[in-house]
Amino acid sequence: MYLGDYIVIESQEGTYRFSCSCVSTGTDFVAEVDPDKRKFFDDHSFPQQNPSACRFLRPLGEGRIGCTIHADSPAQCKYYRCRVMDIFSEEGEFKGYITGTLALHSEDTALQMIYERVMHEITGSEPQQEEQIQSQLVQAGYLVRYQ
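Rules and cut-offs
- Residues numbered from 1 in each chain as written.
- Predicted model: local features only at pLDDT ≥ 70, side-chain atom pairs only at ≥ 80, totals over all residues.
- Heavy atoms only, no water.
- Pairing = 2+ DSSP bridges.
- Helix = DSSP H or I, 4+ residues; strand = E, 2+ residues; numbered from the N terminus.
- Phe/Tyr/Trp six-rings, centres within 6.5 Å; stacked < 30°, edge-to-face > 60°.
- Buried < 20%, exposed > 50% of the residue type's maximum accessible area, 1.4 Å probe, protein only.
- Disulfide = S-S within 2.5 Å.
- Axes fitted to C-alpha atoms, helices over the stretch in contact; angles between N-to-C directions.
- Salt bridge = Lys/Arg side-chain N within 4 Å of Asp/Glu carboxyl O.

Engineer: Explanation requested: the pairing of strand β2 (residues 17-22) in the structure shown.
Structural biologist: Remark: a regular strand shows side chains that alternate across the two faces of the sheet. Across six bridges, the pairing between strand β1 (residues 7-14) and β2 is antiparallel. Bridge pairing links S11 to S19 in β2. Between β1 and the antiparallel strand that follows it, β2, lie two residues. Looking at chain direction, β2 and strand β3 (residues 27-32) are connected through six bridges and run antiparallel. In the sheet register, R17 faces β3, and the bridge partner there is E32.

Engineer: Looking at this model, I keep getting lost on the sheet that holds strand β7 (residues 94-99). Mind explaining?
Structural biologist: Paired through their backbone hydrogen bonds, the strands of a sheet run either parallel or antiparallel. Overall, antiparallel pairing links the four strands, which are arranged β8-β7-β6-β9 in an open sheet. Edge positions in the sheet fall to β8 (104-105) and β9 (143-146), since each has one partner strand and no second. Bridging between strand β6 (residues 83-88) and β7 involves five bridges; their strand directions are antiparallel. For F88, the partnering residue across the bridge sits in β7 and is F94.

Engineer: When you look at the packing of aromatic side chains in this model, what are you seeing that I'm missing?
Structural biologist: Aromatic ring pairs: the centre-centre distance and the angle between the two ring planes describe each pair. A full pass over the atoms with the stated rule returns five aromatic pairs. Aromatic side chains F41 and F56 sit 6.1 Å apart centroid to centroid with 20 degrees between the ring planes, which places their arrangement in the stacked category. In this pair, F41 sits in helix α1 (residues 38-41) while F56 sits in the loop between α2 (45-49) and β4 (57-61), placing the two residues 15 residues apart along the sequence. We classify F41 as buried; its relative accessible area is 6%. Feature note: the residues Y16, F18, F41 and F56 constitute an aromatic cluster, connected by ring pairs.

Engineer: Could you clarify how one ought to interpret the state of the cysteines in this entry?
Structural biologist: Put plainly, two cysteines are in a disulfide when a covalent bond ties their sulfur atoms together. Counted according to the given criterion, the structure contains zero disulfides. C20 carries a free sulfur, and the closest cysteine sulfur to it, the one in C22, is 8.1 Å from it. In this structure C22 comes out as buried when scored by relative accessible area, which is 3%.

Engineer: What is the right way to read the sheet that holds β1 from this model?
Structural biologist: The strand order across the open sheet built from three strands is β1-β2-β3, with neighbouring strands paired in antiparallel fashion. At either end of the open sheet lies a strand with only one pairing partner, and these are β1 and β3. The average undirected angle you get between the axes of adjacent strands in this sheet is 25 degrees.

Engineer: When you look at the pattern of salt bridges in this model, what are you seeing that I'm missing?
Structural biologist: Two side chains with opposite charge may pair up if their charged atoms get near one another. Taken as a whole, this structure holds eight salt bridges when the rule is applied. Between E32 and R38 there is a salt bridge; the shortest N-O distance is 2.9 Å. Members of the salt-bridge network, linked through shared partners, are R17, E32 and R38.

See the structure below:
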């Protein structure tokens, strides 16, 4: 359900650095826990209570569960349909969300139009693209909760 059967930690290379493999693709990768998520990663109760979950998922507060290796997550995780950011109106009304593939899921036509414009303007690699999307949505008056 949470990719726990697809990502295997082969060895721990440091406190927050791991050699991993993707079972479905047969590829190896190195994962380092994002510095801003290390305090969440240190709590091992979630993986103990959810043995089929990815070893890198953790509760991030406010009922959110997210990836702690977002910067290093493999391609299959990016295509998995988890949320990268939730989008709200200035009044706090939920308007939609963006997944790891940077796809917008929203019925709000104004948000869809802004998103299309933003997607034509963003540059750089995936982490920077997410930051640019978030920044542009905030400038357009939306509240964005980054996962």
